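Architecture at a glance
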Amino acid sequence: MERIMKKEKPNSTNLKTSKSREKTKLSVQHINDSHRIEQERSLLAAIVQSSDDAILGMTLDGQIISWNRAAEKIFDYPACKVIGKSVDIIYPPQHTEEFHEIITKIKNGEYIDHYETQRKKRDGSLIDVSLSISPIRDDQGKIIGFSKILRDISGQKRASQYVRSLIEASLDPLVTINPEGKITDVNEATILATGMSRTKLIGSDFSNYFTEPEKARQGYMQVFSRGKVTDYPLTIRHVTGKTTDVLYNASVYKDEKGDILGVFAAARDITAQKQASQYARNLIEASLDPLVTISVEGKITDANAATVEVTGVPKDKLIGSDFTSYFTEPEEAREGYLQVLKEGFVKDYPLVIRHVSGKITDVIYNATTYKDDKGNVLGIFAAARDITERKKVEEQLHATSAYARSLIEASLDPLVTINPEGKITDVNHATEFITGVSREWLIGTDFSNYFTEPRKARQGYRQAFKEGSVRDYPLAIRHSSGKVVDVLYNATVYRDAMGKVRGVFAAARDVTETKQASQYARSLIEASLDPLVTISLEGKVTDVNEATIKVTGVPRDQLIGTDFSNYFTEPNKAREGYEKAFKQGFVTDYALTIRSRGGKLTDVLYNASVYRDDKGNVLGVFAAARDYSRVKQTTEQLESSNRELEAFSYSISHDLRTPLRAIDSFSKILVKDHSDKLDVEGKRIVQTIREGAQQMGKLIDDLLAFSQLGKKTIKMENIDMTSLAQSVFEELRELVPKRSVQCNIQKMSQVRADASLIRQVWINLLSNAIKFTKTRSVGLIEIGSQIHEEYVIYFIKDNGVGFDMKYQDKLFAVFQRLHDPEEFEGTGVGLAIVQRIISRHNGRVWADSKKDYGAVFYFSLPSQSVFVATTPGREIGGRK
């Protein structure tokens, strides 16, 4: 037991051996650990040195302790030049405070990831970098420094700047849309078209900015489905409510792996095209003459209202039909337009137009070919004068190159980028098409090589490099075939992230259609025999035809830009005329006198109307003048003859009064005092004498009244036409007590006129209505009025015997009667008096009738002072 409990004393030799063995073991382990750590350091150093990013190690006071090869490459400093030095060596002056902010965050144990800033290279230039910074700790976890990884992102920013320049250089609204239909980018043109800022547009639904959102949504979904759309019609709505009709061309853009990133869409504003069409339509419709355009195949392509009227054929039936179908001699009409195609024009070519009713109109045609700006004949414009009265760098660049290509290719306009040496660096398909040269051949060649004026083209892009942009720079592109296309260039410089100009982006707009529209309008104007002129909102002449040059004696270049009113004897009246057209939309038969440079005066009647763009905005006035010198001369002669006739009528009528009074008096005495001495036949004869004298007296009274109308001063006053008509009817009704005559008088508009003369009008017209209804069991008369444009039209309708309209020309002539005087008494002067009175009030009188079905007489009076009467209409009449 003691032996067991007794502690054994260790052997000293064994103990030494054991300690030695343990020490050896620890030494080997230490060597292994050191070797492993060294391997890890070597591996880490290799990784750092092979990185494409700059990797720096620094102490907390900013002293550089490590610097890899990428840092040498990026900053152009070898490691021996920077290790041991302050990191300030790569800090720009403006970023010195940034280091202290970074140190504060590192000491707090924070990490910095992908922080974008700038650093300075050895040569002093700045580069854009992305920083990632993490703290370095010792074995106890204490922060003793930090490591910094810098990535050069200058190329990426440069690529982004390039794309932005591509977008902003376009005149058309450009937009990119993601697969969810959200806007991801826009250009200035889109901001202008919508009235929305870029910040509000980006991230919003693309479809929000159209009058038909669902149609817009279907459009971009179609692009994602099919890859593109062309000429997709939409209407953009501006925040103000203004709308713009556009055609969208859109295609998807992809990354370098072919994955779709979104849609790029370009809109073409088609307002100008519509405006040109509207302008041409106004030119046609403003003419008083029948105007027509004819294709080279002899088909009618357009016609104005005057052509519809002269042929009696609706416009939709005229268009597409043979021009020759509307003449009495179709073959001669065919020879006429063939002569125009051959010689370029015809003058005073006589033809006869046949109306669908059979009516024929003698005309002389003046016709010219109209051409495109290259001189190709498009058709014929013919004007007929009615002569009846006269007989995206490097890797990052790969991600955006497809996008930049989509930007370029989606445009309908030729787009090109040019480097500072004037060499082409990129083009789109439209440029290949317009030059006839492939993209591979174009890139690297001189931009100026493809124009009719290389020196001018060179000056243009140099101007863009110098001034930053050019607008509407005119050039002519020559196709490889020799064909020339006139264009307007809009160009702007594009820059890298440092603001350095890298090149010019230029967009060309083909102005062929605009020139063609202008040429068409010019043909319209020049074909007319009447002086034609267009006037701006400021009253300036903007265009004239040859007839205007001839009548004024002033060359076109001197007329255009001058005041329209300068060429008339009454400038203020001329000014009032076109101002009236702008206010009312038109004027008709506006009398003016043109004074030529030589002093010759020409009396004309102007018909003018405003012409508008497709949104209804007034652009100007188109005015056509008709020479009416001969008509005016004839009218003056006729008025002189009428005055002489009035004087003669007055004299004769006055001279007849005395003997007629004697005859009437003596016959009255015979009837009253000596009838007992007369037999039945004698009494009948004396009564006939007296009735004849009374009838002659009434005729003389009417003639005297008629002859005095031209001399009587018109006294204007407000007239209650309803009350006046009622009063006159009641007086006349008393004269036929045994007849049943009913008169329905509607509430009528009042006017300012001479009350006594207008009363005479009502007397004459109502007495006629009563007289010519005597064959009816009940005479029915209806009186009323309506306002039409600048006039009030009054009417008197009866159910009398009526008359044949073929005799309507005789109605208002003196002594002209359409009915048997034995049955319907009268002097034949009453309606002539009505016409003279209404004419002196600047109105007119006319009638409509059918024999045995009554008549309607109308008269019109100017409505400048019209107001509606408050007296209610009522029916009066019936038997007493």
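Going by the structure above, here's the rest.
Residues numbered from 1 in each chain as written. Predicted model: local features only at pLDDT ≥ 70, side-chain atom pairs only at ≥ 80, totals over all residues. Heavy atoms only, no water.

Let's talk about the pairing of strand 20 (residues 501-510)
The sheet contact formed by strand 16 (residues 415-418) and strand 20 spans four bridges and is antiparallel. Considered in strand 20, the bridge of Thr-417 is made with Phe-505. One ladder, built from nine bridges, connects strand 19 (residues 484-495) with strand 20; its direction is antiparallel. Note on strand 20: the bridge partner recorded for Val-493 is Val-504. (Pairing = 2+ DSSP bridges. Helix = DSSP H or I, 4+ residues; strand = E, 2+ residues; numbered from the N terminus.)

As for the packing of helix 25 (residues 755-771) against helix 26 (residues 830-840)
Put simply, helix 25 and helix 26 touch, their axes get as near as 9 Å, and they point 145° apart. Judged by the sense of rotation from one axis to the other, the crossing of helix 25 with helix 26 is left-handed. Here Leu-757, Ile-758, Gln-760, Val-761, Asn-764, Leu-765 and Asn-768 of helix 25 come into contact with helix 26, specifically with Gly-830, Leu-831, Ile-833, Val-834, Ile-837 and Ile-838. In terms of residue class, the contact of helix 25 with helix 26 is built from nine nonpolar, four polar and no charged. (Axes fitted to C-alpha atoms, helices over the stretch in contact; angles between N-to-C directions. Left-handed = near helix turned anticlockwise from the far one by under 90°. Contact = heavy atoms within 4.5 Å. Nonpolar A, V, L, I, M, F, W, Y, C, P; charged D, E, K, R; others polar.)

Quick look at the nonpolar core
Ranked by size, the top nonpolar core spans 42 residues in total, and within it Met-721, Ile-758, Trp-762, Ile-781, Ile-783 and Phe-859 carry the most contacts. Counting residues per element, this core draws most heavily on helix 25, at eight residues. Discounting residues that sit within four places of it in the chain, Met-721 has contacts with Met-748, Ser-749, Gln-750, Val-751, Ile-758, Trp-762, Tyr-794, Phe-859 and Leu-861. (Core = buried A, V, L, I, M, F, W, Y, C linked by side-chain atoms within 4.5 Å. Buried < 20%, exposed > 50% of the residue type's maximum accessible area, 1.4 Å probe, protein only.)

Section: the pattern of salt bridges
With the rule as written, the count across this model stands at 21 salt bridges. For Asp-172, the salt bridge is made with Arg-509, and the minimal N-O distance between the two is 3.2 Å. With its nearest N and O atoms 2.7 Å apart, the salt bridge here joins Lys-423 to Asp-446. Here Lys-423 is found in the loop between strand 16 and strand 17 (424-427), whereas its partner Asp-446 is found in the loop between helix 16 (439-442) and helix 17 (454-467), with 23 residues between them in sequence. (Salt bridge = Lys/Arg side-chain N within 4 Å of Asp/Glu carboxyl O.)

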